[in-house]
2 protein chains.
Amino acid sequence: MEKIYGVVMAGGGGTRLWPLSTSKKPKQFLNLSGKETLVNEAIDRLAGVAQELFIVTNAAQAQEMLEQTAGRVPQDHILKEPAARNTAACIGYAAMTIMKKYGDGIMIVVPSDPYIRDEEGFCRTLREAAAAAEETDALVTVGIRPTFPSTGYGYIKNTALEGKIWRRVEEFVEKPDEETAKRYVKEGYVWNSGMFIWRASTILSWFERLLPDIYACLERLAEGFGTKDEESILWEVYPKIPKISVDYGIMERAEHVLMVPGDFGWSDVGGWDAFDALKERDENGNITVGKTLLLDSRGCTAYSVDRLIAAVGVEDLIIVQAGESVLVCPASQAQRVKEIVETLAGKGETDYL
Amino acid sequence: MEKIYGVVMAGGGGTRLWPLSTSKKPKQFLNLSGKETLVNEAIDRLAGVAQELFIVTNAAQAQEMLEQTAGRVPQDHILKEPAARNTAACIGYAAMTIMKKYGDGIMIVVPSDPYIRDEEGFCRTLREAAAAAEETDALVTVGIRPTFPSTGYGYIKNTALEGKIWRRVEEFVEKPDEETAKRYVKEGYVWNSGMFIWRASTILSWFERLLPDIYACLERLAEGFGTKDEESILWEVYPKIPKISVDYGIMERAEHVLMVPGDFGWSDVGGWDAFDALKERDENGNITVGKTLLLDSRGCTAYSVDRLIAAVGVEDLIIVQAGESVLVCPASQAQRVKEIVETLAGKGETDYL
């Protein structure tokens, strides 16, 4: 069995959990489960499958990442992005680093922010995916068996391969409307988890073939590796890498993409409406964290960091108190929090962000 | 013309504006208009009619009252209630104090918390009421000409008296339902303002006749006046005065009660739903105070003391941030804030109150 490298992508701003997540304390540094921060949970989980761990994060957060992860990952395994250039750049940078500095092997790439209930199931699925990547040299992803017809996730159309655990990816499809989501679930589509498993040399050859501009940039980065110019080349080249997601740039265009289905209580904590994964609702259908008093209220999520949230007679609201801000929005419009963040940014009110 | 004494009743806890009003900062000490605190506005307004001013407040707040009113009222004109015993006790104590220490005269008694837009109109109406009290020796109240069929105020049924500005009170009626309120407005009923005008000796004789138990207590207080035992008698007797409002105890039972109609932009800032009197709504029907950002929201009152309140997609909500607390409730249920206050008190969470 080849060496398995684990790569945690932890560069996001995570504005969808504002005001709990801010630029100073992005989502990956939040402790939502009451146990550990999202990034540490992601690392610890991945350590069950991978022998060597990397984190890709933005350069501004690298020092805090080192402190927050408290020895989980060696300093030189924290890869710094001088600018956010979407997932293709991030993954290409990690793949080139592994290839040139540590040697070829199977890479498991995971985002830092999903919540995963069954860690053993997670590791088992990723071991199956790593075996698939090793055996077939294909690009492999993990598909989550839907527990409900979510309109918040992308889906993967797939077909069985005789005698194999893994399945063939037919198509990646965007977040559907409710009717379409129901049909997808019925027809055996799975949720797109954003986790990728492949050989480092394999993904790099797909970069070379499908994203030659990005590949050229990655080669320039590699020229600097181990030299005194490594840092300056990184800062010069990285910000110019074309912005594209690995989904659009490679996964949807490559041939022979495989998918290993998983069923380990996965959910993307993508916004305030996704807290059901983390906390049970009480008898009134409310989720409460911190000091709260909800009288005659139903279907609310109330999250208080250091004040009292008191409400009476409200329904289906999200109420959050954190830092210098209070957020109120209907549960069904939780994704609109980004409009607030954008408006504040546009007004230069960065103290609140 | 007799001497006119002004008496401001400022003893309330004012929980209906929680969390802005708290036990440490009750409603009368709030500056809602952006100009002065409610109690100072009440004093300054009354100074336009009365020659000598008194405040009745609870003993625990007396020191702060002295500081907050900053020389508006001499220290010995701040009457301390050792316990809250409703308005009959409060008014009887003031009347007895005035009668025995300063001499008979016309008393104007006003609560500290209504908002009044037209101060000149207020003074003119009270001068008319004082003239009525002087000429007829009746108990006089001010009735507010309704601007809409409010279900939040009590009403006064009344009939005209030939050649007089004042009218005869036929009946005090409770807060009505909406249908009844419409009928009241049509039939010329006025809002009960809780302002009273009468001769000190006259109201005391009504106490003697209708509330003899309270009158006996007031006589015991008077025995202490000017002696070294004044304070100790006050603390012994006052907490035992029967609790009854002057409305129930006297106004609804006395004969020949008069009413002077007024029209000076009066509103009782009785809760978060009453802010229309203080602030214009913006083009989306929102009232905002402090740092707020309301996106695609309508009919809300957002009041922030020192944090940002950000909301998106909400309607007809009251959102308040003050001190250690955040309040959220529907505008139509603003009066239920007292349920929150009562629940917190019941749990011993007095830090928030």
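Residues numbered from 1 in each chain as written. Chains lettered and ligands numbered in written order. Predicted model: local features only at pLDDT ≥ 70, side-chain atom pairs only at ≥ 80, totals over all residues. Heavy atoms only, no water.

Draft legend 1. Structural detail: the overall build of chain A. The number of helices and strands found in chain A is 10 helices and 17 strands. Seen through its principal axes, chain A has C-alpha atoms that stretch 60 × 50 × 35 Å. Looking at chain A residue by residue over its 353 residues, the buried ones come to 56%. Nonlocal contacts in chain A, meaning residues at least 24 apart in sequence, comprise 66% of its contacts between residues at least 6 apart. As displayed, chain A has an accessible area near 14,800 Å², and 46% of this comes from carbon and sulfur atoms. Between the centroid of the 39 positive side chains of chain A and the centroid of its 53 negative side chains there is a distance of 1 Å. (Helix = DSSP H or I, 4+ residues; strand = E, 2+ residues; numbered from the N terminus. Buried < 20%, exposed > 50% of the residue type's maximum accessible area, 1.4 Å probe, protein only. Contact = heavy atoms within 4.5 Å. Areas by Shrake-Rupley, 256 points an atom, 1.4 Å probe, with all protein chains shown as cover. Lys, Arg positive; Asp, Glu negative; His and termini not counted. Charge placed at Lys NZ, Arg CZ, Asp CG, Glu CD.)

Draft legend 2. Region of interest: the relation of the copies chain A and chain B. Under the fitted operation, chain A is carried onto chain B by 0.0 Å of movement along the axis and a turn of 180°, and the coordinates agree to an RMSD of 0.1 Å. Such a combination of turn and shift is consistent with a two-fold rotation axis. A shared interface surface links the copies, since 100% of the contact residues of chain A are contact residues in chain B too. (Least-squares fit on C-alpha atoms with pLDDT ≥ 70 in both.)

Draft legend 3. Focus on helix H3 (residues 86-102) of chain A. Residue and element names in this part refer to chain A. The terminal C-alpha atoms of H3 lie 24 Å apart, and with 17 residues this matches the ideal 24 Å at 1.5 Å per residue to within 8%. For H3, the set of buried residues is Ala-88, Ala-89, Cys-90, Ile-91, Gly-92, Tyr-93, Ala-94, Ala-95, Met-96, Thr-97 and Ile-98. Of the residues one or two after H3, Gly-103 is the one with positive phi, at around 100°. (Expected span 1.5 Å × (residues − 1).)

Draft legend 4. Broad picture of the sheet that holds strand S13 (residues 292-295) of chain B. Overall, mixed pairing links the six strands, which are arranged S12(A)-S14(A)-S16(A)-S17(A)-S15(B)-S13(B) in an open sheet. Each end of this open sheet is capped by a strand with a single partner; those strands are strand S12 (287-289) of chain A together with S13 of chain B. The mean inter-strand angle of the sheet, taken between neighbouring strand axes irrespective of direction, is 5°. As judged from the six bridges shared by strand S16 (residues 317-322) of chain A and strand S17 (residues 325-330) of chain A, these two strands associate in the antiparallel manner. (Pairing = 2+ DSSP bridges. Axes fitted to C-alpha atoms, helices over the stretch in contact; angles between N-to-C directions.)

Draft legend 5. Summary view of the interface of chain A and chain B. Residue-level contacts link 34 residues of chain A with 34 residues of chain B. When chain A packs against chain B, close to 2,900 Å² is buried across both sides, 63% of that on carbon and sulfur atoms. When residues of chain A are sorted by the area they lose upon contact with chain B, Arg307(A), Leu308(A) and Val312(A) head the list and together hold 22% of the total. Those elements that place two or more of their residues in the side of chain A that touches chain B are strand S13 (292-295), strand S15 (308-312), S16, S17 and helix H10 (337-346) of chain A. Ranked by the residues each element gives to the side of chain A that touches chain B, the list is headed by S17(A), at six residues. Counted by class, the side of chain A that touches chain B contains 19 nonpolar, six polar and nine charged residues. Summarising the sheet, S15(A) and strand S17 (residues 325-330) of chain B pair through four bridges and their orientation is parallel. Counted as the bridge partner of Ile309(A) is Val326(B) from S17(B). (Buried area = accessible area lost by both parts, 1.4 Å probe. Nonpolar A, V, L, I, M, F, W, Y, C, P; charged D, E, K, R; others polar.)

Draft legend 6. The sheet that holds strand S16 (residues 317-322) of chain B, seen in detail. Read across the sheet, six strands follow the order S13(A)-S15(A)-S17(B)-S16(B)-S14(B)-S12(B) without closing on themselves; strand pairing throughout is mixed. Of all strands in the sheet, those bounded by a partner on one side alone are S13 of chain A together with strand S12 (287-289) of chain B. Strand-to-strand twist across the sheet, computed as the mean angle between neighbouring axes with direction ignored, equals 5°. Sitting on the sheet, helix H10 (residues 337-346) of chain B touches S13 and S15 of chain A together with S17 of chain B, and the angle it makes with S13(A) is about 130°.

Draft legend 7. Structural view of helix H7 (residues 212-224) of chain A. Residue and element names in this part refer to chain A. With 13 residues, H7 extends 19 Å from end C-alpha to end C-alpha; this agrees with the ideal 18 Å at 1.5 Å per step. Every buried residue belonging to H7 is among Ile-214, Tyr-215, Cys-217, Leu-218, Leu-221, Ala-222 and Gly-224, and all of these are buried. The arc enclosing the buried residues of H7, seen along the axis, measures out at 165°, which places them on a common side. Across from the buried face of H7, at angles greater than 90 degrees, the exposed residues are Asp-213 and Glu-223. (Arc of directions from axis to C-beta.)

These results come straight from atomic positions and should not be treated as a statement about function.
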